[in-house]
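Remarks on the overall topology
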Amino acid sequence: MTITGENFVAGVRRPSNEKFRARDASSGEEFGEEFAAASKDDVADACSAAAEAQWEFAALPAAARARFLRKVADRIDALGETLTRRAMQETGLPEARLTGERGRTVGQLRLFADEVEEGGWLDLRIDHADAGRTPPKPDLRLRKIPLGPVAVFGASNFPLAFSVAGGDTASALAAGCCVVVKAHPAHPGTSELVAGAIAQAVAEEGLPAGVFSMLHGPSNALGEALVTDPRISAVGFTGSRSGGLALMRHAASRPVPIPVYAEMSSVNPVIILPHIMAQSAEDLGRAYVGSLTMGVGQFCTNPGIVLTLGGEPFDRFIYNVAQAIAEVPANTMLTGGISDAYRAGSQRLGGFDGVSLVGMGGDGTSLCGQAQVYTCDGTSFAAQPDLADEVFGPASLVVRCDSMEQMREILGNMEGQLTTSLHMIPQDYEAAGRLMPVLEKLAGRIIANGWPTGVDVTHAMVHGGPFPATSDGRSTSVGTMAIDRFLRPVSYQDMPDELLPEMLRGHGANIPVRIDGKRQFG
């Protein structure tokens, strides 16, 4: 597939007068094609086409929608090495990482296809009438329907799995929502290749072209125009807290406000309890550094803070952290802007009162991230709330607590998180049990004896959490429950069969349904 640098507006490639180029992540130099920055007219046309296509796409039978999702996955798979090589140049990510990410991207599309066919996401409910009740009970039937066109913002750190065909797009399409994507300007060629695959699947399935559009552009004004367009019904976003909050303000300022599902900021606190620390301090130290420096620390689930108790096991842990991190080379970060922000953030972290350096990894160019770990005591941490701010990259802080009570208090005062992790052996379970209520309030996912980096795309996964980890802690951006973000319930009261959706007519469709309070198959 040829990269032209044009936008995809309802199946039509569009140029523009305003141009920008991709940058090679390892050198920072511009290269390749010129990309057309979308105009306000492009935004309006893409949103108009999505609104026009919405009813037909929403009414598509489940089997046809599932077939479309699988076709998108097939077309992305078919891009093969062309996609991988382009993404490597634009992001600096290694081939193995991108190959795995492509597998995750197509895998979640196929998982959502299965989910669409299964039908449980419709949440069908039938409560039969009872004329003999006082007052008479009406016949009520419920299903969930798509919200409408969704704006999706590609993420910098996942050019495939959280980008043009990533989890937000996959779940929105599965829900029956048309999608308009704002591609991330850091990987425009990668984005265009994937957009071409989706547009090809739309055409091959005979769907309205407005089902999917993709717009290029580096300006914040483009995102604002997209979110404030009255035809957009919801927003999916993965990125910085400042970016997510800006989109939330735009969405709330509309005459008709819309939901923004933003994944933003998390330091993913890791708790290492005393008995496992005494038993395995050396192994834990090295495993921590491995998780911290994976992907140059550019994961939203990076272990930014570790909480544990002081003492001799702590000293062994810190020694092994220092030894392990010294062996980590500096590697290329996603963009020059991200590497600059990381350098500033890590320097700021080391400048707080009571904070001392544990160790650093190898140095590199200005585009590389040098791994570093700091430590402080619990009193210093509690007295300086900004120590809990996220530093996006391979930097982390180990907090030495005086007691389990201090640790519990620190956790209770932290902001919402995507994950929290507990390292423990059976002798620690009593202490862990006292922490569990705090951790359940704190995070969307609680991990036992593991590290937070790595998110499986499954039915039971929650990749979300209380604000500011996400804008809505009731949601997830990974796993099949992500579809719920783009649906709303509609109840039909005493409606004639002829006007009811077919699935609510009680004709034995093989879809889960709750009939008079009892779950069964219709």
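Per an unreviewed UniProt entry, the protein carries the name 2,5-dioxovalerate dehydrogenase and comes from Croceibacterium atlanticum. Word for word, the UniProt comment on the protein under Sequence similarities (unreviewed entry) is "Belongs to the aldehyde dehydrogenase family."

1. Considerations on the overall build of the protein
The number of helices and strands found in the protein is 13 helices and 23 strands. For a compact globule of 522 residues, the expected C-alpha radius of gyration is about 24 Å, and the protein comes in at 25 Å, within 12% of that figure. C-alpha atoms of the protein, sized along the principal axes, occupy 75 × 65 × 40 Å. Each of the 522 residues in the protein was classed as buried or not, and the buried ones make up 57%. Considering only intrachain contacts with a sequence separation of at least 6, the fraction spanning at least 24 residues in the protein is 76%. Just so you have it, the protein exposes about 20,900 Å², and 52% of that area is on carbon and sulfur atoms. In the protein, 44 positive and 60 negative side-chain charges are present, and the distance between their average locations comes to 4 Å.

2. Comments concerning the sheet that holds strand β18 (residues 395–401)
As summarised here, the arrangement of the seven strands in space is β15-β17-β18-β13-β12-β19-β20, forming an open sheet in which the pairing is mixed. In this open sheet, the two strands that pair with only one neighbour each are β15 (356–360) and β20 (443–448). Taking each pair of neighbouring strands and ignoring which way they run, the sheet shows an average axis angle of 20 degrees. Bridge analysis of strand β17 (residues 372–377) against β18 gives six bridges, and the strand direction is parallel. Counterpart to Val 373 in the pairing with β18 is Ser 396. Here helix α12 (residues 404–412) sits on the sheet in contact with β12 (270–272), β13 (305–309) and β18, set at roughly 160 degrees to β13.

3. Focus on the packing of helix α6 (residues 220–228) against helix α7 (residues 241–253)
Where α6 meets α7, the closest approach of the two axes is 9 Å, and the angle between their N-to-C directions is 35 degrees. The two elements α6 and α7 cross, and the hand of that crossing is right-handed. On the side of α6, the interface is formed by Gly 223, Glu 224, Val 227 and Thr 228, while α7 contributes Leu 247, His 250 and Ala 251. Of the residues in the contact of α6 with α7, the class split is three nonpolar, three polar and one charged.

4. Regarding the nonpolar core
Judged by nonpolar contacts, the single largest core of 92 residues is most densely connected at Phe 68, Ile 76 and Val 211. With nine residues, the top contributor of residues to this core is helix α2 (residues 62–91). Those residues in contact with Ile 76, other than ones at most four positions away along the chain, are Leu 83, Arg 102, Val 106, Leu 109, Ala 165, Val 194 and Ala 197. Grouped together as the second largest cluster of nonpolar side chains are 29 residues, Cys 376, Val 399, Leu 422 and Ala 432 included.

5. Let's talk about the domain arrangement of the protein
Once the domains are mapped, the protein shows domain 1 (7–120 + 147–264 + 472–486) and domain 2 (269–448). Contacts between the two partners involve 15 residues from domain 1, matched on the other side by 13 residues from domain 2. If you look at where domain 1 meets domain 2, you find one salt bridge. Put simply, Glu 415 and Arg 241 hold a salt bridge, and the shortest N to O gap is 2.8 Å. Broken down by class, the residue content of the side of domain 1 that touches domain 2 amounts to five nonpolar, six polar and four charged.

6. A closer look at the packing of aromatic side chains
Think of a pair of aromatic rings as described by two things: how far the centres are apart, and how the planes are tilted against each other in angle. For the structure shown, the criterion picks out eight aromatic pairs. When the ring of Phe 20 is compared with that of Phe 35, the centres are 5.9 Å apart and the planes differ by 35 degrees; the resulting orientation is tilted. Pair noted here: Phe 20 is in strand β3 (residues 19–23) and Phe 35 is in strand β4 (residues 30–36), with a separation of 15 residues, a long-range link. Note on accessibility: Phe 20 and Phe 35 belong to one class, buried. Between the aromatic rings of Tyr 261 and Phe 486, the centroid separation amounts to 5.9 Å while the plane-to-plane angle is 90 degrees, which identifies the pairing as edge-to-face. Here Phe 486 lies in the loop between β20 and β21 (487–493) and Tyr 261 lies in strand β11 (residues 260–263), a separation of 225 residues in the sequence. The residues Tyr 261 and Phe 486 share a single accessibility class, namely buried. Three or more aromatic residues link up through ring pairs in this structure, and these residues are Phe 158, Phe 162 and Phe 299. Across the ring face of Phe 57, the terminal group of Arg 65 is positioned such that the distance to the ring centre comes to 5.8 Å.

Cut-offs used in this document
- Residues numbered from 1 in each chain as written.
- Predicted model: local features only at pLDDT ≥ 70, side-chain atom pairs only at ≥ 80, totals over all residues.
- Heavy atoms only, no water.
- UniProt positions renumbered as here; feature names shortened; annotations may be inferred.
- Helix = DSSP H or I, 4+ residues; strand = E, 2+ residues; numbered from the N terminus.
- Rg over C-alpha atoms; globule rule 2.2 N^0.38 Å.
- Buried < 20%, exposed > 50% of the residue type's maximum accessible area, 1.4 Å probe, protein only.
- Contact = heavy atoms within 4.5 Å.
- Areas by Shrake-Rupley, 256 points an atom, 1.4 Å probe, with all protein chains shown as cover.
- Lys, Arg positive; Asp, Glu negative; His and termini not counted.
- Charge placed at Lys NZ, Arg CZ, Asp CG, Glu CD.
- Pairing = 2+ DSSP bridges.
- Axes fitted to C-alpha atoms, helices over the stretch in contact; angles between N-to-C directions.
- Left-handed = near helix turned anticlockwise from the far one by under 90°.
- Nonpolar A, V, L, I, M, F, W, Y, C, P; charged D, E, K, R; others polar.
- Core = buried A, V, L, I, M, F, W, Y, C linked by side-chain atoms within 4.5 Å.
- Domains from an automatic or database assignment.
- Salt bridge = Lys/Arg side-chain N within 4 Å of Asp/Glu carboxyl O.
- Phe/Tyr/Trp six-rings, centres within 6.5 Å; stacked < 30°, edge-to-face > 60°.
- Lys NZ or Arg CZ within 6 Å of the ring centre and 35° of its normal.

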